[in-house]
Amino acid sequence: MWYQHIREEARTYLKTFVYPYTGFVTKPLLRPKLLAVFEASLIGITSGLAAVTLKEGVGWLGSLRIAASLKFPPWLLLPIFGLMGGFVTGVLVKRLAPETGGSGVPQVKAALAGMRVPLNYQIAIVKMLTTILTVGSGLTLGRQGPTVQIGASLAAWISHWLPTSPSYRRQLIACGAAAGLAAGFNAPIAGVLFVVEDLMHDISGITLGPAIIASFVGAVTSQILGGKSLYFSSDRLDTSITGFLDLKEIPFYIVLGVLAGLLGTVFSRGIIATSIFNQRKLKLKLPWRIAITGLISGLIIAFLPESFHNYTGLRKLLGTSEANLKLSCIAFLAHFILTIFAAGSGAPGGLFAPSLIIGSALGQIVGIWQNNLVGIEQPTIFALAGMGAFFCAVSRAPITAVVVIFEQTQDFRLVLPLMIVSIVALLVAEKIDRKSLSDLVLDLKGLQLNKEISTNDYLSNIRADQVMHTPVETLDSKLTLDEVKQKFSNSHHRGFPVVDSQGLLVGIVTQTDLAYTRKRHLRGDNLLKDFMTLHPMTVKTRDNLSEVLNLLHRYKISRLPVMEGRHLVGIITDTDIIKIESEELTGKTNLKTNPPEPSYVVYQTRAPQIGNGRLLVPLSNPRTAPALLRLAAVIARQRNYELECLQIVIVPRQNSPAETVVDTTESRRLLAMAERIATDLQIPIHTQVRVGHDIAAAILETVKERHISLILMGWKGDIAPGRIFGSIVDTLMQKAICEVVVVKWGADKFREKEKLAGVANEKFNPDSDYMYSFLGWRQWLVPLRDIPTQAAAVKLLPALVSLSVKPKIILCQVCTQSVVAPNIQEMQQAARMLKHRLHTEVMATSICSNSVSDAVVDLADAHHSDVVVIGASKEGFLRQAINGNIPEAIARGCNCTVILVRAANNQ
């Protein structure tokens, strides 16, 4: 259709000038707040123009009908108008847009609840035309309900121009509904309140700023182009009566509220009953149902007083001194019955205006009765209060009822009466039937709005960090094209995030990028940064899968990096979401969830998130903590990490960690020392104290929640039966997804100094004395099994040896007797690389022995090694590769410090 072409042109413009792309990346030129203001204003203007067009169209057709009834017999012309208008309306609704039947408010309510209800440009156009025909041909329906659906449909149509997420599109639809009602009533505050109070039932899912702007702009547009309010004016009230609410009036307002609640419920139930009768008993097609309803309405109105021929004149008449008891009773009965039949036929048209007329007539009746008995207040006040009461009984929106009448009259005398009658009407109506008319209509259509549906769909309740892959395999931006191709050939991944030398995300490379290099005739020595996609689109850890799926679908991409601040903490692909949806269909789920009894954070401090990752240091021993922290600090500085210090307080398993009172004095004192050391070394540090049942479980929870990149912890050397290093270290080695470094302190010089200090009764200073031990780490032994340049121990060496003065490093490849010739060339290459990088002496050697652990211990003793750095794997820490428990044997056999390095577990 023609408007689809316009939409595509607008999309192209916005993508080119508002959302320019780099690859598949979006960088909006307009900041989010300015863009939200622009979108809200645009929605307000379009909704206001639509409301004015609807008003003028209804007024023109209604005036034509009234003028014709003055020239021809009303009993002939009014039924013909109703018959023809109703039939044409039914044909348009049935053939073009069946969703436009009724008031339109239930449809918008269902759409905001996440149901698949069409809202588009075609819905807005058809709704406008059919409402003009329905209301203009004499059916007792209004145009304010349709403006809600028209505004929401236009907002949904506008949202398709712009790249938006499902949740933000929902906010725009709410803005359109608010602007539509505000433009229909010229009441901007009531428009916002109605959306919050009736359509969404909460304020959490809507940004009030854009909704308020849209409502204000819509109301201003309608007022400038369409004039002031259609219904009420303050000059209708007797300004000579300026007193406040009299106590004698309160019983009459309560009576009015009770009657409004009772009759409002009967009104709602009558519409539902009529709809059921028409659909299941009468079984007439929609055009004939509306046509017959228009015919009957025209016949009845033709025999009523002439003031009933013009609904606008009747609205102005009710509430004045000219509206006597007889006229008010006729108006109430006629509109009550005719509106039930009109709404029950499925004709497009709102129920707000009829509710106000019916309520006004009811209030006028009670006001006249009050005036005859006590004569305190004029009936007009009761007429206006009756409007709010009946409106509230039908919509179950008391705040909106009060505000919409107040905005129309701007008379503060009405606030207290409106509040009394609205609350009473709501209580009475809720007692009889807890559902509003819109909810009853949705129930009739088989759309159940329960709590689960109204909050969000299944994917919206799942966060990205529950599905993402961690840790992330990344590529360095300085890799060559040939190296990138080799990486792709050795991996099943179709793309990799690209990081710079500091670990910051700078791009992403996919198989499509590699294919494009052929067209650009790039050579094998071209760097990755020359052909990667720059500034990739990312999602946050707290973004839900509905947002992620929308981005993947809209920009035709297959993966998205997941960020927490500046940290790249995971990656999520379209396959992951397909897997989640499949699990939902089959009733199986493997989401990452917390354990049944998680640990509880009782104390924490936070520093600025300026690093590329986080290094977790669990602290327990105040004597070894300074050494562990200084070791962590050099690693953090070399990798640009933040420190995360953790102290765990264990409680019995029968006690809940969240409900157990613990003393954190010693823990906070230990963390304060850690903060001092980190401050001196200018390293960002976060601290926390957790209460839990199990140390390893608490550490793993911290790794997940804080997206830890590396764990550094000490080990006493104790080994439990059936364990390699002990229950805590073994569990972390097997289950932690990040890199793990374990330090077993040796009996080196700082221990001798500590003992001497104790004998001489000197105070032992852990800060200076542990630093003294680091200065003594000169002889380093690094036994290797994997490729030397890829070994985790070798990658960690530059940070570790920075603590030493003139360190000497020995790279040793240990093999069994079955290996005839060890690959000494790779060892020498690794030695040259480290020597060039560290500017220190590095030697490479290889030995063969039946016992690898004995060979390492003997070599450490022979070279008087101060530190032994060994690598480990997830599968039993080399136990499955070589017979014997090598880490245990080395740790027991060596008197020096042993550092065990386990690489990140790429899942």
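Residues numbered from 1 in each chain as written. Predicted model: local features only at pLDDT ≥ 70, side-chain atom pairs only at ≥ 80, totals over all residues. Heavy atoms only, no water.

Notes on the overall build of the protein chain
Moving on, step 1. Counting secondary structure elements, the protein chain contains 33 helices and 20 strands.
Moving on, step 2. Evaluated residue by residue, the protein chain yields a buried proportion of 55% over its 907 residues.
Moving on, step 3. In the protein chain, once contacts between residues fewer than 6 apart in sequence are set aside, the share between residues at least 24 apart is 78%.
Moving on, step 4. Split by element, the accessible area of the protein chain, about 41000 Å² in all, is 58% carbon and sulfur. (Helix = DSSP H or I, 4+ residues; strand = E, 2+ residues; numbered from the N terminus. Buried < 20%, exposed > 50% of the residue type's maximum accessible area, 1.4 Å probe, protein only. Contact = heavy atoms within 4.5 Å. Areas by Shrake-Rupley, 256 points an atom, 1.4 Å probe, with all protein chains shown as cover.)

Focus on the side chain of His-693
Moving on, step 1. The topology assignment puts His-693 in the loop between β13 (685-692) and α26 (695-706).
Moving on, step 2. With relative accessibility at 13%, the residue His-693 sits in the buried group.
Moving on, step 3. A polar contact of 3.4 Å, which involves the side chain of His-693, links it to the backbone oxygen of Pro-652.
Moving on, step 4. One polar contact links the side chain of His-693 to the main-chain carbonyl oxygen of Asn-655, over a distance of 2.6 Å. (Polar contact = N/O pair within 3.5 Å; in protein donor to acceptor, adjacent residues only side chain to side chain.)

A look at the packing of aromatic side chains
Moving on, step 1. With the rule as written, the count across this model stands at twelve aromatic pairs.
Moving on, step 2. An aromatic cluster of three or more residues is present, and its members are Phe-185, Phe-194, Phe-352 and Phe-391. (Phe/Tyr/Trp six-rings, centres within 6.5 Å; stacked < 30°, edge-to-face > 60°.)

Regarding the sheet that holds strand β3 (residues 475-476)
Moving on, step 1. One open sheet accounts for four strands, arranged β3-β4-β5-β6; its pairing is mixed. Strands with a single pairing partner mark the edges of an open sheet, and in this sheet they are β3 and β6 (533-534).
Moving on, step 2. Of the pairings in the sheet, the one linking strand β4 (residues 495-499) to strand β5 (residues 505-510) comprises five bridges and is antiparallel in character. Each residue of the ladder has a partner; that of Val-499, found in β5, is Leu-505.
Moving on, step 3. Across the sheet, helix α20 (residues 481-489) touches β3, β4 and β5, and the angle it forms with β4 is around 135°.
Moving on, step 4. Packing against the sheet, helix α21 (residues 511-519) makes contact with β5 and β6, and its axis sits at approximately 75° to β5. (Pairing = 2+ DSSP bridges. Axes fitted to C-alpha atoms, helices over the stretch in contact; angles between N-to-C directions.)

Digging into helix α24 (residues 625-639)
Moving on, step 1. Compared with the 21 Å implied by 1.5 Å per residue over 15 residues, the 21 Å span of α24 between its first and last C-alpha is a close match.
Moving on, step 2. Positive phi appears at Asn-640, one or two residues downstream of α24, with a value of about 60°. (Expected span 1.5 Å × (residues − 1).)

Some thoughts on unusual backbone geometry
Moving on, step 1. Its identity as a non-glycine residue notwithstanding, His-521 has a phi of 55°, on the positive side.
Moving on, step 2. Looking at the secondary structure, you find His-521 in the loop between α21 and β6.
Moving on, step 3. For His-521, a relative accessible area of 68% corresponds to the exposed category.
Moving on, step 4. In this model, His-535 sits at a positive phi of 45°, which is unusual for a non-glycine residue.
Moving on, step 5. Relative to the elements of secondary structure, His-535 occurs in the loop between β6 and β7 (539-540).
Moving on, step 6. Classification of His-535 as partly exposed rests on a relative accessible area of 49%.

A few points about the pairing of β5
Moving on, step 1. Counting buried positions over the six residues of β5 gives five, a clear majority of the element.
Moving on, step 2. Counting the residues between successive antiparallel strands, the hairpin from β4 to β5 contains five residues, one of them, Gly-503, with a positive phi of roughly 85°.
Moving on, step 3. Alignment of β5 against β6, held across two bridges, turns out to be antiparallel. When the sheet's bridge partners are listed, Gly-507 is paired in β6 with Leu-534.

Here we look at helix α11 (residues 286-302)
Moving on, step 1. With 17 residues, α11 should reach 24 Å at 1.5 Å per residue; the first-to-last C-alpha distance of 24 Å fits that figure.
Moving on, step 2. The complete set of buried residues in α11 reads Leu-286, Pro-287, Arg-289, Ile-290, Ala-291, Thr-293, Gly-294, Ser-297, Gly-298, Ile-301 and Ala-302.

Things to note about the pattern of salt bridges
Moving on, step 1. For the structure on display, the rule yields 18 salt bridges.
Moving on, step 2. Arg-269 is the partner of Asp-433 in a salt bridge, and the nearest nitrogen-oxygen pair spans 2.5 Å. On the criterion of sequence distance, the pair formed by Asp-433 in the loop between α17 (415-432) and α18 (437-444) and Arg-269 in helix α10 (residues 250-282) is long-range, its members being 164 residues apart.
Moving on, step 3. The salt bridge involving Arg-669 is made with Glu-666; its shortest N-O contact spans 2.6 Å. (Salt bridge = Lys/Arg side-chain N within 4 Å of Asp/Glu carboxyl O.)

Topic: the packing of helix α3 (residues 74-96) against helix α5 (residues 121-136)
Moving on, step 1. Running from N to C, α3 and α5 cross one another at 165°; their axes reach a closest spacing of 9 Å. For the element pair α3 / α5, the angle class is roughly antiparallel. Viewed along their axes, α3 and α5 form a crossing whose handedness is left-handed. Of the residues in α5, those in contact with Gly-85, Val-88, Thr-89, Leu-92, Val-93 and Leu-96 of α3 are Gln-122, Val-126, Thr-130, Leu-133 and Thr-134.
Moving on, step 2. Looking at the contact of α3 with α5 residue by residue, the class counts come to six nonpolar, five polar and no charged. (Parallel < 35°, antiparallel > 145°, perpendicular 65-115°, else oblique. Left-handed = near helix turned anticlockwise from the far one by under 90°. Nonpolar A, V, L, I, M, F, W, Y, C, P; charged D, E, K, R; others polar.)

A word on the sheet that holds strand β9 (residues 567-573)
Moving on, step 1. The three strands are arranged β7-β8-β9 in an open sheet whose pairing can be described as mixed. In this open sheet, the two strands that pair with only one neighbour each are β7 and β9.
Moving on, step 2. Where strand β8 (residues 559-564) lies against β9, six bridges are found, and the strand directions are antiparallel. Considered in β9, the bridge of Pro-561 is made with Ile-571.
Moving on, step 3. Relative to β8, helix α22 (residues 545-554) is tilted by about 135°, and along the sheet it contacts β7, β8 and β9.

Quick notes on the confidence of the model for the protein chain
Moving on, step 1. Across the protein chain, the average pLDDT comes to 79, with 80% of residues at 70 or higher.
Moving on, step 2. Across the protein chain, β13 holds the top mean pLDDT of 93, while strand β1 (residues 21-22) sits lowest at 34.
Moving on, step 3. For residues 874-884, every residue scores under 50 in pLDDT, and the model assigns this stretch 20 contacts once sequence neighbours within four places are set aside. (pLDDT = per-residue confidence, 0-100.)

Examining the packing of α20 against α21
Moving on, step 1. Closest axis-to-axis distance for the α20/α21 pair is 11 Å, and the angle between their directions is 140°. On the basis of the axis angle, α20 is oblique to α21. Taken as a pair, α20 and α21 cross one another with a handedness that is left-handed. Residues Leu-481, Val-484, Lys-485 and Phe-488 of α20 form the contact with α21, whose participating residues are Gln-511, Leu-514 and Thr-517.
Moving on, step 2. Of the residues that constitute the contact of α20 with α21, the class distribution is four nonpolar, two polar and one charged.

Notes on the environment of Leu-362
Moving on, step 1. Of note, Leu-362 is situated in helix α14 (residues 352-373).
Moving on, step 2. Sequence separation of Leu-362 and Ala-260 is 102 residues, and the distance between their C-alpha atoms is 7.7 Å.
Moving on, step 3. Non-local contacts of Leu-362, meaning those with residues more than four positions away in its chain, are made with Leu-256, Leu-259, Ala-260, Leu-263 and Phe-332.

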